[in-house]
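Descriptive analysis of the structure
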Amino acid sequence: MAKNLGSKASKKSLASNIYGDAISAYIEECRQFVARARRQEVVNQVKPSDLSKMPYTQELGKRKASNGLTDGELQCKEEALRQLEDNLAKREVELIEREIKYYSLQQELDQLRPLSGLYRVVRAMATERKLDSLLEAITRETKVMLKCDRCSVFVLEARTKELWAQIAQGLEKDKVVRVPIAGNSIVGLTARTGKLVNIPDAYSDSRFDPEFDKITGYFTRNILCVPMHNRNAEIIGVFEVLNKVGGPFSQDDGEWLEALAAVAAGLIEQAQSYSEIEHFVNKTLETLAQTIDKRDPLTAGHSIRVTKYSLILAEQLKLPEADMDVLRYAAMMHDYGKIGVPEAILWKNGRLTPEEYALVQTHARITYELLSNLPFTRRLASVPFVASCHHEKLDGSGYYRGLKGGEIPFLSRIITVADVFDALTSVRHYRNRMNITKVTEIIESGRENHFDSQVVDAFMRLPCDQVLKVMESERGQIVPTELDLFNKISWQRLVELCDGAKAESCEADLQELFERIYNAGLPSDYQALD
């Protein structure tokens with residue numbers, strides 16, 4: 001019986017050894033035990049008490065055989081061995097069935113793993129908006145689904161005919177990989193042909209260039225690459241996976257990767273379209289802002305610099321990413337309402353009369369009215385209000401709504417500091433650039449009545465070179481390369497040096513260099529109005 005069962009089971013399962021080496025060894029040991037028992041090598045292991053329980057023992061008498069046992073005792077031993085053999089056969093069948101079940105479950109899990117990964121990708125698409133985060137989720141799940149070591153998503157830059165790694169597992173975070181389409185790379189070949197490339201053994205395939213491994217220190221065993229197409233069937237990138245665990249990539253792997261590449265391609269195309277729209281909006285608003293600034297050559301570049309100051313302040317304050325676009329657009333358009341202020345007042349070389357100042361104040365209200373006519377998305381709906389509040393003061397003495405304290409949006413408070421700082425450090429019709437010590441005194445004196453102290457503190461902590469690069473930009477001249485020398489100190493420290501503080505060895509000559517850059521090209525006939 002055991003022989004038949006074992007033979008039957010071996011036909012189904014032993015050929016592939018699905019129940020593992022350990023269990024196979026156990027079963028073989030049991031078979032050998034039975035064989036030894038049949039040869040009476042283990043006869044003494046059968047207990048006499050077991051023999052006495054056999055119902056036919058007494059019926060067979062006490063006749064002795066030539067080997068010293070009665071026929072009855074031999075019959076009992078034979079029956080005991082048959083029962084042992086039957087039990088072993090049943091145990092073998094149970095083990096085989098259990099392992100077949102385990103193997104079947106493992107196969108089902110292997111089949112479900114890609115579907116589970118695809119579900120997680122779809123879930124990520126529903127909750128994540130940033131392209132890099134989405135592609136990271138796709139490559140992470142691809143690695144699990146295809147049981148590979150690395151995944152990379154290359155995006156085609158049509159202008160330069162290069163593929164650059166949007167996401168590349170295993171590379172340093174800030175390292176950018178660019179691969180020419182016309183080069184010897186497999187991703188370049190995939191982009192040129194628009195076809196799937198599956199290389200089971202990289203170093204035996206003439207299409208693989210080992211130089212890439214020499215550069216990266218990685219050892220490539222096998223490769224699977226699929227092209228990514230947009231809706232017009234144009235190549236927009238390549239999805240590459242490396243080093244399948246346990247062997248080369250299969251046809252099923254290729255089909256799954258093509259499905260994931262289609263998802264990635266859709267996301268990339270959507271992101272590229274959004275980027276183009278965002279670039280158009282940015283340049284349109286920037287151009288509108290510059291049309292106001294360039295009405296007067298002395299104020300040209302003001303809106304761009306205020307925007308840059310605001311953004312580096314936001315980074316210093318660790319503002320949420322969701323607020324950055326609102327801040328950028330609001331800062332860029334904060335003075336757009338000056339389109340309604342007569343040029344004679346904007347260009348006046350001297351102090352304004354109360355009536356003229358009242359006209360200038362109307363620009364905040366006009367800014368709100370004009371920007372409210374633009375169809376901002378829900379995410380950017382607060383831009384008009386934030387932009388129009390940059391002249392409000394914490395004590396309620398600002399304009400045009402007279403808001404105070406928490407009524408003023410925090411983003412507007414950032415723009416307020418940036419706006420005043422740029423105005424004081426720029427040439428105006430009635431004065432030169434103001435001495436930065438004086439600038440600092442004005443801003444410090446405005447804490448908690450005009451300016452938010454949190455924003456002022458953040459500004460003083462800014463890296464000095466960042467402030468100076470913004471300060472000297474958009475002025476129709478090349479930004480001096482010497483500004484990089486200020487990257488070791490904060491803006492606060494530069495103010496202290498200009499105010500007479502003793503310089504450390506690493507700060508030698510910085511104050512003198514700053515004064516030379518700050519005062520270069522200024523009109524000598526303007527007088528400051530302190």
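The notes below deal with the structure included here. Everything numeric in this text was worked out from a predicted model, so none of it was measured. (Residues numbered from 1 in each chain as written. Predicted model: local features only at pLDDT ≥ 70, side-chain atom pairs only at ≥ 80, totals over all residues. Heavy atoms only, no water.)

What to know about the overall build of the chain
Looking only at helices and strands, the chain has 19 helices and six strands in total. Considering the chain as a whole, with its 530 residues, one finds that 43% of them fall into the buried category. Here the contacts in the chain between residues at least 6 apart in sequence split such that 62% fall between residues at least 24 apart. When the accessible surface of the chain is summed, it comes to about 29,100 Å², and 52% of that surface belongs to carbon and sulfur atoms. (Helix = DSSP H or I, 4+ residues; strand = E, 2+ residues; numbered from the N terminus. Buried < 20%, exposed > 50% of the residue type's maximum accessible area, 1.4 Å probe, protein only. Contact = heavy atoms within 4.5 Å. Areas by Shrake-Rupley, 256 points an atom, 1.4 Å probe, with all protein chains shown as cover.)

Considerations on helix H16 (residues 453-461)
Of the positions making up H16, those classed as buried are Ser453, Val455, Val456, Ala458, Phe459 and Met460. The opening residue of H16, the one whose side-chain oxygen lies 2.8 Å from the backbone nitrogen of Gln454, is Asp452. (Polar contact = N/O pair within 3.5 Å; in protein donor to acceptor, adjacent residues only side chain to side chain.)

Here we look at the side chain of Thr367
Considering the arrangement of structural elements, one finds Thr367 in helix H12 (residues 354-371). Ignoring sequence-local partners within four residues, the contact set of Thr367 consists of Met333, His334, Asp335, Tyr336, Gly337 and Ala387.

Quick notes on the layout of surface pockets
Left-over empty space is what a probe sized like a water molecule reveals as it rolls over the atoms. Approximately 1,700 Å³ is the volume attributed to the largest pocket. Along the walls of the largest pocket sit 40 residues, with Ala271, Tyr274, Ser275, Glu278 and Arg379 positioned nearest its centre. Residue assignment for the lining of the largest pocket shows that the elements contributing at least two residues are helix H5 (131-145), strand S1 (148-157), strand S2 (162-168), helix H8 (251-293) and helix H10 (321-332). Ranked by residues supplied to the lining of the largest pocket, first place goes to H8 with 15 residues. A breakdown of the residues in the lining of the largest pocket according to their chemical character gives 23 nonpolar, six polar and eleven charged. Approximately 1,400 Å³ is the volume found for the second largest pocket. If you go around the second largest pocket, you meet 42 residues; those closest to its centre are Tyr357, His391, Ala423, Arg428 and Tyr430. The leading source of residues in the lining of the second largest pocket is helix H14 (residues 410-424), at five residues. (1 Å grid on protein atoms, 1.4 Å probe; cavity = no way out; pocket = protein on both sides within 12 Å on 5 of 7 lines; lining within 4 Å. Points joined across faces, edges and corners; volume = space filled by probe spheres on them. Nonpolar A, V, L, I, M, F, W, Y, C, P; charged D, E, K, R; others polar.)

A word on the packing of aromatic side chains
Tallied over the entire structure, the rule returns nine aromatic pairs. Between the aromatic rings of Tyr203 and Phe219, the centroid separation amounts to 5.2 Å while the plane-to-plane angle is 10°, which identifies the pairing as stacked. Taken as a pair, Tyr203 in the loop between strand S4 (197-199) and helix H7 (211-216) and Phe219 in the loop between H7 and strand S5 (223-229) lie far apart in primary sequence, 16 residues in all. For Tyr203, a relative accessible area of 41% corresponds to the partly exposed category. (Phe/Tyr/Trp six-rings, centres within 6.5 Å; stacked < 30°, edge-to-face > 60°.)

Here's the deal with the pattern of salt bridges
As a working rule, side chains carrying opposite charge can pair if their charged atoms are close by. According to the stated counting rule, one finds 23 salt bridges in the structure shown. Its salt-bridge partner being Glu444, residue Arg447 comes within 2.6 Å of it at the nearest N-O pair. Three or more residues joined by partner-sharing salt bridges are found here, namely Glu157, Arg159, Glu162 and Arg178. (Salt bridge = Lys/Arg side-chain N within 4 Å of Asp/Glu carboxyl O.)

Digging into helix H9 (residues 302-316)
Structural remark: α-helix, 3.6 residues per turn; residues separated by three or four positions point the same way. Here H9 is 15 residues long and its end C-alpha atoms lie 21 Å apart, about the 21 Å a rise of 1.5 Å per residue gives. Of all 15 residues in H9, twelve are buried, a share of seventy percent or more. Inspection of H9 places His302, Ser303, Ile304, Arg305, Val306, Thr307, Tyr309, Ser310, Leu311, Ile312, Leu313 and Ala314 among the buried residues, and these make up the whole buried set. Elements that come into contact with the buried residues of H9 comprise H8, H10, H14, H16 and helix H17 (464-471). (Expected span 1.5 Å × (residues − 1).)

Brief notes about a nonpolar patch on the surface
Taken together, the side chains of Tyr368, Phe385 and Tyr400 present a nonpolar region at the surface, about 230 Å² in accessible area. Along the chain, Phe385 falls in helix H13 (residues 383-388). (Patch = residues over 30% accessible without salt bridge, like charges linked within 9 Å, V, L, I, M, F, W, Y side chains within 5 Å.)

Some thoughts on the environment of Leu288
Here Leu288 is to be found in helix H8. Judged by its relative accessible area of 28%, Leu288 falls in the partly exposed class. Sequence separation between Leu288 and Met333 is 45 residues; the distance between their C-alpha atoms is 7.9 Å. Apart from the residues within four sequence positions on either side, Leu288 is in contact with Met333 and Tyr336.

Remarks on the nonpolar core
If you look at soluble globular proteins, the nonpolar side chains tend to sit buried side by side. Among the nonpolar cores identified, the biggest contains 63 residues, and Phe486, Trp491 and Leu494 are the most heavily contacted of them. For this core, the element with the most residues is H14, which contributes eight residues. Beyond its immediate sequence surroundings of up to four residues, Trp491 is in contact with Phe421, Ile436, Phe459, Met460, Leu462, Pro463, Cys464, Val467, Leu468, Met471 and Phe514. (Core = buried A, V, L, I, M, F, W, Y, C linked by side-chain atoms within 4.5 Å.)

In short, shape yes, function no, at least from these values alone.
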